[in-house]
Structure formats: structure tokens, C-alpha cells
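# A structural walkthrough
Letter by letter, the chains look like this.
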Amino acid sequence: MEHTQDVELILMSLTKEKRELLDKVGEIDKVIKRLKYGNLNLRLSKGNKNNADANDNDQIQQPQAFPMKADLKVQAIKVFDILGVASKLRDVQEKYKELTGVNHNLRETLRNLNKHDILKLLQPKGTIRGLYWVKAEWLEDDGRRLKEQHKFEGFDLLFTDDMIEFK
């Protein structure tokens, strides 16, 4: 089949239109991802005063946003910030899945953070198995005691400071 000049012109026009539509779809995909991961501020408020308030609210909410595109280690640390208390691996994984929708085993990530002294493992003295993960910054008295605000309900009933250690 021979292509006449008219057919070539139509093909070029359709190809150009296709590229433009694909670019629009790409932009829509970007907006969808930004909305899904909480990286988009819609600024729906009206008026100058409200916009200033919205900017203040954005600054307040920004630290609370979960870093969806960050490294797994950063995400794991953020999960601990959100939980705020000593937690079992299962609890950390459940919260991570709730936030991301991804069912990922975080054991090796937590171990790696432990190796770099970012996380510590609470374990009863004389045992080799840890029970709860805590952030190193939650410890006081040279890493021997967990601060009160980071103890879960019933922690003091289960443990005393002299029967646990953080490794």
C-alpha cells in the first residue's frame, strides 16, 4: 500500500495527538501518585488569611506525613515514631502495612538499624531472645531504662528495670 502525502499528513497529526494525550495521562498519573502518597497540597482554602493558616497547617502536618518514597530504614524509623512505644516486630509490620499497603518483612531492616545503634532490642536478662524493639533515643541512664512515655500499658507489670537489658 502506497502512502500518499495526505495519508502521511494524517499519520503525523494522529501521532502528535497521541503524544500529547500520553503526556496528559502521564501528568494525571503524577497527580494521582502525589495524592495517594500525601505529597500534594490542594490549597482548597479561600482568601489570604486562610492561605496563611493553610501554610501553617502544612508545616505542622509535614513531619507527620509518612515518607512513602524513602528508604525502608527511614520508613521503619518513622513507624516507630508513629507507634511511640516499645513494640513487637509483628506490631511494627502491621503498622507498616497499614501505612503503605505493602506486606514486607522488616526483621532484617530492624536488625540492621540495631547494628547501627538506632534501635535496641529489649530482652530479659539471661535470655538470648529479644521481645520488644525500641528506639535508642527512648532510653535513659546510659541505655539502661526506657523513658516512661515510651512504655506501653502494663509495661511496669511485666518488667522491672533490673530484669531487662537493651542490646
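A brief look at the structure comes next. Note that this is a predicted model, so its numbers are computed, not measured.

What follows covers the pattern of salt bridges. Inspection of the entire model under this criterion finds 11 salt bridges. Here Lys120 and Asp117 are joined by a salt bridge, their closest N and O atoms 3.0 Å apart. Look at Lys120 and you get buried, because its relative accessible area is 19%. Judged by relative accessible area, which is 47%, Asp117 ranks as partly exposed. The closest approach of N and O atoms between Arg145 and Glu140, which form a salt bridge, is 2.4 Å. A relative accessible area of 26% means that Glu140 is categorised as partly exposed.

This brings us to the packing of aromatic side chains. All chains considered together, the criterion is met by five aromatic pairs. Considering the side-chain rings of Tyr132 and Phe152, the 4.8 Å spacing of their centres and the 35° angle between planes classify their relative orientation as tilted. Remark: Phe152 occurs in the loop between β4 (145–146) and α6 (155–158) and Tyr132 occurs in strand β2 (residues 132–135); sequence separation between them is 20 residues. Note on accessibility: Tyr132 and Phe152 belong to one class, buried. Arranged with centres 6.0 Å apart and planes meeting at 85°, the rings of Tyr132 and Phe159 form a pair that is edge-to-face. Linking Tyr132 in strand β2 with Phe159 in the loop between α6 and β5 (164–166), this pair joins segments that are 27 residues apart in sequence. Here the aromatic cluster, defined as three or more aromatic residues joined through ring pairs, consists of Tyr132, Phe152, Phe155 and Phe159.

Thresholds applied
Residues numbered from 1 in each chain as written. Predicted model: local features only at pLDDT ≥ 70, side-chain atom pairs only at ≥ 80, totals over all residues. Heavy atoms only, no water. Salt bridge = Lys/Arg side-chain N within 4 Å of Asp/Glu carboxyl O. Buried < 20%, exposed > 50% of the residue type's maximum accessible area, 1.4 Å probe, protein only. Phe/Tyr/Trp six-rings, centres within 6.5 Å; stacked < 30°, edge-to-face > 60°. Helix = DSSP H or I, 4+ residues; strand = E, 2+ residues; numbered from the N terminus.

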